[in-house]
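# Structural overview
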Amino acid sequence: MAEKLLEVNNLKKYFPVKAGIFKKTVAYVKAVDDVSFFVNKGETLGLVGESGCGKSTTGRTILRLLEATAGEVIFEGKDVLSLNKEDLRNIRRDMQIIFQDPYASLNPRMTVADIVGEPIDIHNLAKNKKERNEKVKDILERVGLGSEYMRRYPHEFSGGQRQRIGVARALAVDPKLIIADEPVSALDVSIQAQVINLLQDLQKDFGLTYLFIAHDLSVVKHISDRIAVMYLGKIVEMADKTELFDDPMHPYTQSLLSAIPEADPTKKKERIILEGDVPSPVDPPSGCRFHPRCPKAFDKCSVEEPVFKDYGDNHFAACHLLEE
Amino acid sequence: MANKNKEKLVDVKNLKTYFYTEEGVVKAVDGIDFEIYPGETLGIVGESGCGKSVTSLSIMGLVESPPGKIAEGEILFEGIDLTKLSQAEMRKIRGNEISMIFQEPMTSLNPVYTIGDQISEAIIIHKGLSKKEAMKESVEMLKKVGIPLPEQRINEYPHQLSGGMRQRVMIAMALSCDPKLLIADEPTTALDVTIQAQILELMNSLKASYGMSIMMITHDLGVIAEISDRVAVMYAGKIVEYTDVNTLFADPKHPYTWGLMNSIPKLDRDVNRLQAIPGIVPNPLNFPDGCKFNTRCPLAEGKCFTDEPKIVDAAEGHKVRCWRYKDLEEMKKQNVKIYEEQR
Amino acid sequence: MSDKNLNKKSNLKSEGLKETSDTLLKDSWRKLKRNKLALVGMSIVILFIIVAILAPYLTPYDPVEQLIWTEGAAVKLAPPSADHLFGTDLYGRDILTRVIYGARISLQISIAAMSISVLIGIILGTLAGYYGGIIDDIISWIINVLYAFPFLLFVIAIVAFFPPSLILTFSAISLVYWMSIARVVRGQVLSIKEKEFVEAARALGVKDWKIMFKHILPNIIAPVIVQATLGMGSIIMIEASLTYLGFGTQPPTPSWGYMISAGQGYLAQGQWWWGVFPAIAIILTVLGFNLFGDGLRDALDPKSR
Amino acid sequence: MFAYFIRRTLGVIPVILGVILVVFILTTIVPGDPARIMMGQRGDPETLKLIRKEMGLDEPTHVQLVKFYKDVFTLNLGRSYRNNMTVIESIKSRLPVTATLAIGAMIIAVVLGVSIGIYSATHQYTWQDYLSMIFSLLGIASPVYFVGLIMVIIFARKLGWVPGTGLGNGEWIYYVLPILTLGVRPMALIVRLTRSTMLEVVHQDYVKTARAKGLKEKAVIYKHALKNALIPVITIIGLQTASLLSGVMLTETIYSLPGLGRLSIQAVTNRDFPIIRGVVLFMALVFVLANLLVDLSYGFFDPRIRYE
């Protein structure tokens, strides 16, 4: 039985919408609305969805970069959401994040040595300056950057190299969990592969656990052990990756899978083209949130919200069709 | 031969578009040849900075000058060299016979004018219709690209529409004057997969009904496989491989194409590690001598560092620019992974 | 084998890394050097500062001593000559000398006023931008209110009722000028605190004050320097206007604004030098700061290359 | 859009309340006894007492403040200590001159500034462009009073085209030089800003789209680029009101025009507190209202705000 490292229960994150004459809160963007999942030690859970589905907000809320509206985030038995400032700082040694934009995620006024060294300083992981520099050097080499780069500033590096620096910074505290928020989507195809390989190598070497957030299903499939699919603030399906790709249960997952253009001109696959756009998370559809676009929706779907439950072998889904 | 020439809608010959910057000359497009036949879709694929967008802007005559300039070459459109046309003559072609859609639907529409205003503009100049008729025509176009409630939409402003809808508006605008060639520069890159699928389907069906040619520029091999008939792969301002889509995917002959295909994860098969191309694209101000791919190519040796390879016919209708494409073929046969799974 | 080496070397090069590291400062200097107008501006600014500092060594005359009492009427409103390059004024004072000493006064007031403004501006702007909420509401309200007053009238209303002095002048100017800095700082902090590197710092457990000092402040220094450089010109202009109207530096202390106001009556009669030279000094100095500031803006912008 | 209008309009209220507060503080922190300052040496104890009572100086500060707010809202701002006119009357009598100057200068600055700016941007790196850049750099760096001085000497004294100073019988010709003088600086600023925003806008994607449609360059510039480029220019016009009012003080001084600027300087020199309060308050309110108008006009130029 795999050991759970992270467990998220009924997590909600609502952003107030202010409007009108006095900028009163008139509604909420329900960015994350009652989301539950877990990540086992040493595995990679892929969290996929289209823009605005709440996947990045989920990641940030787990780390308390955003304060949750409701719910529980259990990391190694401790509820992260109720920790005080000091305990939170301590737990951040164990949970780290890698960002999407390699240009915005590094402080342009700090050298690489300082960027990677800062976490070491904060958590007193080095006894003296020499040890700190040794550590920084070490980590940089681990991510494929020579120590001769230490005194340079971020703007001197290419996107892929910057992303490596971001990985090094996260790695510096020796974390157990890394939340990777679209870490390769800003990179060119040939560079993407380099960073994906790096992340996989590091996982093996350090026994890392990843929550891998992305919109690109083929990348997620390559790197993940299990995959959760989000739509409009909710997880609609979660399963082992082969299970999910071979036997997608939720109509949204099915159409998502069919929509990916494959690099193989001989394969003309049957497309399920969804109608329209994703509705606004301010005023999500009643019942199942997918029903206005769902090719298989029936009466019940617009009235009652389907329950997210296990249909065997840890294959979770939320759809009325499955209950029939 | 002469007959075949006549058939070509577009014939680009030795096109060189350079940018003269303070740091030096950027050879964004450096001597490329390709052609587009009526009714076909030509895909141009490459990573950022390879010159694919500059190629499309060169055809449209929209390269910003200064600093950019078409330094050499011809762009024959129905036999007429576009590079020699005056601005006024070029304007009659732009938006009329050749039209273009861009990557960013969010910024490609003018925020201060209504959708109808912007679509009808091209109709008024090129078809000579009155404003009222043009508006009616715009509604028709919006219907064709699948925008619900078109009568209402023409009075709305771009910020009131979603990204996918805006891209549909761009397509409606581009097709409003029945162009012979539609240039699409990364039209789906900014969109989500399900919306991308909608747009690609729309483009395919419109192509069928309008019979125009499409030049599809993208970095996404999946989109290329989906929509193109023939493909040109670009790297550092040059076409490195040029053939029909099935051949390209079945038998890539350039190490760069080969690497690109192996560096993307596949849906239908699992690999433990991706075969990544090492290094990064060279700085355009500082291209290496010899083959421009030699800084990243595992096969590079001797000649590759000194002499630039010419693009040659490796097989019937299969052009490749590489000194060692035959060696690559050998290696592929022996199942050698040229991009070692280095750590 | 040599091929392999070659390969490796060009690899490094192609990755855009030069042999030596470019600091941001060097990078900015490189960009600034290309901008000729900015260099002109910078030269004027440097000249202005040198002249102000070295004033006593640059001229044999005293700025205040009225030579007509010792040398007679010949030095009264004398046109430019070898002895008096800019001529003399009604009291036989050397105008060049007074322009040079005027630079001193201008520099003192503008530097003092700008330093205070920058200090207040950074503190209040950062607090407003970083904490938002009620703190931001209050600070923004103060800024909006102060912005509503015509600058000159406001300063006059402050200085008019106190005994005139240098300290009063620069204090009054900085009392209203800080908001220009604060506005810039607030806007910058608002945008930078949303950047992912600040989120990364928070995710690492960096404390609030440290995020402000280490991650946010260094990134707003450039726009503050630009705003301060441009602002030096505005303050010099304000000080001159104040003096021109009789509310700033009091005679006989040499000051550009006063010289124009004293000399303007003689301008049309042909004795143009009394009023024109100090005016040229103002125009050049303000122009210098504006050109230099604009150049810095482009040079310090990490987006431009 | 209605909500936007209302919100902007209501947003002005705290600023106005603050402006009144600042005016109060300005005239209260004066060192010593305001009554004594106003009357100078001539004040006998009886008069001083009377003045103190009239101004409410014998009351505690917070009572004075409340009274001041009340006075402002009932437009009861007192009388000048020089000529016994009410403050409102004084402002009314001086306003036409200042309004003519300020509005005239603004119209010239906007019309010429925007046109020259566009011309400059569309003819980048030509001699006309350089000329307009030099003009605008000098315009920004030159003190208003020096510009006025030179204009008077050239156009009035030497060429005799227009009268020099004063207002004659209020004929329009007397306003020509002052308006030009006052307009130079804002015009120079608008030229620079229009030029730079135009150059920026011209590189936007939607301008590329417009060109790709085959539009004439004129239509691209004047239809697609201009309307977007004007948005920041309008902001600057609003913010320029304050410096324009500062300029008014200087312009009226050099041309000896009986406007609000002169009035304010005279009032300060004369220590005429009610007038100082009145004029400072009035000018600040003009600025606030001008910027409110600018905010509201965004609704016209920018549909993103109209549909907020």
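Residues numbered from 1 in each chain as written. Chains lettered and ligands numbered in written order. Predicted model: local features only at pLDDT ≥ 70, side-chain atom pairs only at ≥ 80, totals over all residues. Heavy atoms only, no water.

## Focus on the overall build of chain A
- Each helix and strand counted, chain A has 11 helices and 12 strands in total.
- What you see for chain A is a C-alpha radius of gyration of 21 Å, in line with the 20 Å of a compact globule of 324 residues.
- Across its three principal axes, chain A shows a C-alpha extent of roughly 70 × 55 × 50 Å.
- For chain A, the residues scored as buried account for 59% of the 324 residues in total.
- The long-range share in chain A, meaning contacts at least 24 apart out of those at least 6 apart in sequence, stands at 62%.
- When the accessible area of chain A is evaluated, it comes to approximately 12600 Å², of which 47% is carbon and sulfur surface. (Helix = DSSP H or I, 4+ residues; strand = E, 2+ residues; numbered from the N terminus. Rg over C-alpha atoms; globule rule 2.2 N^0.38 Å. Buried < 20%, exposed > 50% of the residue type's maximum accessible area, 1.4 Å probe, protein only. Contact = heavy atoms within 4.5 Å. Areas by Shrake-Rupley, 256 points an atom, 1.4 Å probe, with all protein chains shown as cover.)

## Overview of the interface of chain B and chain A
- At the interface, 41 residues of chain B touch 41 residues of chain A.
- For the chain B and chain A pair, buried surface summed over both sides reaches about 3700 Å², with 54% attributable to carbon and sulfur atoms.
- On inspection of chain B and its partner chain A, the count reaches 2 salt bridges.
- The partner of Asp201(A) in a salt bridge is Arg273(B), with the nearest N and O atoms 2.5 Å apart.
- Between the two partners, chain B and chain A, sit 14 residue pairs in polar contact (both at pLDDT 80 or more).
- Of all elements in the fold, only α8 (193-210), α9 (221-227), α10 (245-250) and α11 (255-263) of chain B reach the threshold of two or more residues within the side of chain B that touches chain A. (Buried area = accessible area lost by both parts, 1.4 Å probe. Salt bridge = Lys/Arg side-chain N within 4 Å of Asp/Glu carboxyl O. Polar contact = N/O pair within 3.5 Å; in protein donor to acceptor, adjacent residues only side chain to side chain.)

## Overview of the pairing of strand β1 (residues 4-19) of chain A
Residue and element names in this part refer to chain A.
- With 13 bridges connecting them, β1 and strand β2 (residues 24-40) associate as antiparallel partners. Pairing of leucine 11 across the sheet is with valine 35, part of β2.
- Here β1 pairs with strand β4 (residues 70-75) via 5 bridges, running antiparallel. Paired with asparagine 9 across the bridge in β4 is glutamate 72. (Pairing = 2+ DSSP bridges.)

## Some words on the packing of helix α5 (residues 95-131) of chain C against helix α10 (residues 208-244) of chain C
Residues and elements named next belong to chain C.
- Viewed as axis vectors pointing N to C, α5 and α10 meet at an angle of 145°, and their least axial separation amounts to 8 Å. In terms of crossing hand, the pair formed by α5 and α10 is right-handed.
- The residue makeup of the contact of α5 with α10, split by class, is 19 nonpolar, 4 polar and 2 charged. (Axes fitted to C-alpha atoms, helices over the stretch in contact; angles between N-to-C directions. Left-handed = near helix turned anticlockwise from the far one by under 90°. Nonpolar A, V, L, I, M, F, W, Y, C, P; charged D, E, K, R; others polar.)

## Looking at the pairing of strand β4 (residues 68-77) of chain B
Residue and element names in this part refer to chain B.
- Of the pairings in the sheet, the one linking strand β1 (residues 10-21) to β4 comprises 8 bridges and is antiparallel in character. By the bridge assignment, lysine 16 is partnered in β4 with glutamate 72.
- Bridge count for β4 against strand β5 (residues 80-81) is 2 bridges, and the pairing is antiparallel. By the bridge assignment for β5, leucine 76 is matched with aspartate 81.

## Describing the nonpolar core
- Formed by 236 residues in total, the largest nonpolar core has its most connected members in Val116(A), Phe149(C), Ile173(C), Phe247(C) and Val19(D).
- Counting residues per element, this core draws most heavily on α10(C), which supplies 18 residues.
- Those residues in contact with Phe149(C) that lie beyond four places of it in its chain are Phe154(C), Val19(D), Val22(D), Val23(D), Ala242(D), Val280(D) and Ala284(D).
- Formed by 73 residues, the second largest nonpolar core is a distinct cluster that contains Phe77(B), Ile93(B), Ile183(B) and Met234(B). (Core = buried A, V, L, I, M, F, W, Y, C linked by side-chain atoms within 4.5 Å.)

## A short note on the packing of aromatic side chains
Residue and element names in this part refer to chain B.
- Taken as a whole and assessed by the stated rule, the structure comprises 25 aromatic pairs over all chains.
- Between the aromatic rings of tyrosine 235 and tyrosine 256, the centroid separation amounts to 4.5 Å while the plane-to-plane angle is 55°, which identifies the pairing as tilted. Here tyrosine 256 lies in helix α11 and tyrosine 235 lies in strand β9 (residues 230-235), a separation of 21 residues in the sequence. Here tyrosine 235 matches tyrosine 256 in class, with each residue buried. (Phe/Tyr/Trp six-rings, centres within 6.5 Å; stacked < 30°, edge-to-face > 60°.)

## Some remarks on the environment of Ala28(B)
All names here are of chain B.
- As for its position among the elements, alanine 28 is in strand β2 (residues 24-36).
- Of the residues examined, alanine 28 reaches a relative accessible area of 12% and is grouped as buried.
- The contact partners of alanine 28, leaving out residues within four places of it in the chain, are Thr17, Phe19, Cys50, Gly51, Val54 and Gly237.

## Some remarks on the pattern of salt bridges
- A full pass over the atoms with the stated rule returns 63 salt bridges over all chains.
- The partner of Lys55(A) in a salt bridge is Glu182(A), and the shortest N-O contact between them spans 3.5 Å. On the criterion of sequence distance, the pair formed by Lys55(A) in helix α1 (residues 55-62) and Glu182(A) in the loop between β7 (177-181) and α6 (189-206) is long-range, its members being 127 residues apart.
- Residue class for Lys55(A) comes out buried when judged on its relative accessible area of 6%.
- Two residues, Lys131(B) and Asp117(B), come together in a salt bridge whose shortest N-O distance is 2.7 Å. With Lys131(B) in helix α5 (residues 131-144) and Asp117(B) in helix α4 (residues 115-127), this pair connects stretches of sequence that are 14 residues apart.
- You can call Lys131(B) partly exposed: its relative accessible area is 43%.
- A single salt-bridge network, built from bridges that share partners, covers Asp117(B), Glu121(B), Lys131(B), Lys213(D) and Lys223(D).

## Section: helix α11 (residues 256-267) of chain C
- An ideal rise of 1.5 Å per residue puts 16 Å on 12 residues; α11(C) measures up with 15 Å between its terminal C-alpha atoms.
- Along α11(C), the residues classified as buried are Trp256(C), Gly257(C), Met259(C), Ile260(C), Ala262(C), Gly263(C) and Leu267(C).
- Packing partners of the buried residues in α11(C) comprise α3 (36-58), α5, α10 and α12 (273-300) of chain C together with α7 (144-158) of chain D. (Expected span 1.5 Å × (residues − 1).)

## Description of the sheet that holds β2(A)
Residues and elements named next belong to chain A.
- Across the sheet, 4 strands lie side by side as β2-β1-β4-β5; this open sheet has antiparallel pairing. Bordering the open sheet on either side are β2 and β5 (78-79), each of which pairs with just one other strand.
- Each of β1, β2 and β4 is contacted by α1, which is oriented at about 115° to β1, the strand it contacts most.

## Overview of the side chain of Ser80(D)
- Note on placement: Ser80(D) falls in the loop between α4 (61-73) and α5 (87-122).
- For Ser80(D), the residues in contact, after removing those within four places along its chain, are Met85(D), Asp272(D) and Ile275(D).

## Observations concerning the state of the cysteines
All names here are of chain A.
- Under the definition given, this model contains 0 disulfides over all chains.
- Among the cysteines around cysteine 288, which has no disulfide bond, cysteine 301 carries the closest sulfur, lying 6.0 Å off.
- The thiol of cysteine 319 is unpaired, and the distance to the nearest cysteine sulfur, on cysteine 294, comes to 6.2 Å. (Disulfide = S-S within 2.5 Å.)

## Concerning the environment of Gly52(A)
Residue and element names in this part refer to chain A.
- Positionally, glycine 52 belongs in the loop between β3 (44-48) and α1.
- By relative accessible area, glycine 52 is classed as exposed at 57%.
- The spatial distance from the C-alpha of glycine 52 to the C-alpha of phenylalanine 37 is 19 Å, given a sequence separation of 15 residues.

## Brief notes about the side chain of Arg166(B)
Residue and element names in this part refer to chain B.
- Within the element layout of this structure, arginine 166 appears in helix α7 (residues 163-175).
- Here arginine 166 sits buried without a salt bridge, and the closest side chain of opposite charge, glutamate 104, lies 7.7 Å off (N-O distance).
- Here the side chain of arginine 166 touches methionine 106 through a polar contact of 3.2 Å, landing on its backbone oxygen.
- Not counting chain neighbours up to four residues away, the residues in contact with arginine 166 comprise Pro105, Met106, Leu109, Pro158, His159 and Leu161. (Lys, Arg positive; Asp, Glu negative; His and termini not counted.)

## Structural notes on the confidence of the model for chain D
- For chain D, the mean per-residue pLDDT works out to 88, and 98% of the residues sit at or above 70.
- This complex was scored by the predictor with a pTM of 0.86 and an ipTM of 0.85. (pLDDT = per-residue confidence, 0-100.)

## Description of a negative patch on the surface
- A grouping of Glu134(A), Asp138(A), Glu141(A) and Glu148(A) is seen on the molecular surface, where their side chains present a negatively charged patch.
- Counting through the fold element by element, Glu148(A) comes out in the loop between α4 (129-142) and α5 (159-171). (Patch = residues over 30% accessible without salt bridge, like charges linked within 9 Å, V, L, I, M, F, W, Y side chains within 5 Å. Charge placed at Lys NZ, Arg CZ, Asp CG, Glu CD.)

## Topic: the sheet that holds β7(A)
All names here are of chain A.
- Spatially, 8 strands are ordered β6-β7-β8-β3-β9-β10-β12-β11 in an open sheet, and the strand pairing comes out mixed. Strands with a single pairing partner mark the edges of an open sheet, and in this sheet they are β6 (95-98) and β11 (309-310).
- Bridge analysis of strand β9 (residues 226-231) against strand β10 (residues 234-240) gives 6 bridges, and the strand direction is antiparallel. Across the sheet, residue arginine 226 finds its bridge partner in β10, namely aspartate 240.
- Along the sheet, α1 contacts β3, β6, β7, β8 (209-214) and β9; its crossing angle with β8, the most-contacted strand, is approximately 145°.
- Most of the contacts of helix α9 (residues 251-259) go to β9, to which it runs at about 105°, and overall it touches β9 and β10.

## Details of the packing of α5(D) against helix α10 (residues 217-254) of chain D
Residue and element names in this part refer to chain D.
- It is at 9 Å that the axes of α5 and α10 come closest, and there the two elements cross at 145°. Helix-helix and strand crossings are classified by hand; for α5 and α10 the assignment is right-handed. Together, Thr98, Leu101, Ala102, Ala105, Met106, Val110, Val114, Ile118 and Thr122 of α5 and Ile221, Tyr222, Leu226, Leu230, Val233, Ile237, Gln240, Thr241, Leu244, Val248 and Glu252 of α10 make up the contact between the two elements.
- Taken together, the residues of the contact of α5 with α10 sort by class into 15 nonpolar, 4 polar and 1 charged.

## Description of the environment of Asp101(A)
Residue and element names in this part refer to chain A.
- Residue placement: aspartate 101 occurs in the loop between β6 and α3 (112-122).
- Between the alpha carbons of aspartate 101 and glutamate 182 there is a distance of 8.4 Å; along the sequence they are 81 residues apart.
- Among the polar contacts made by the side chain of aspartate 101, one reaches the main-chain amide nitrogen of tyrosine 103 at a distance of 2.8 Å.

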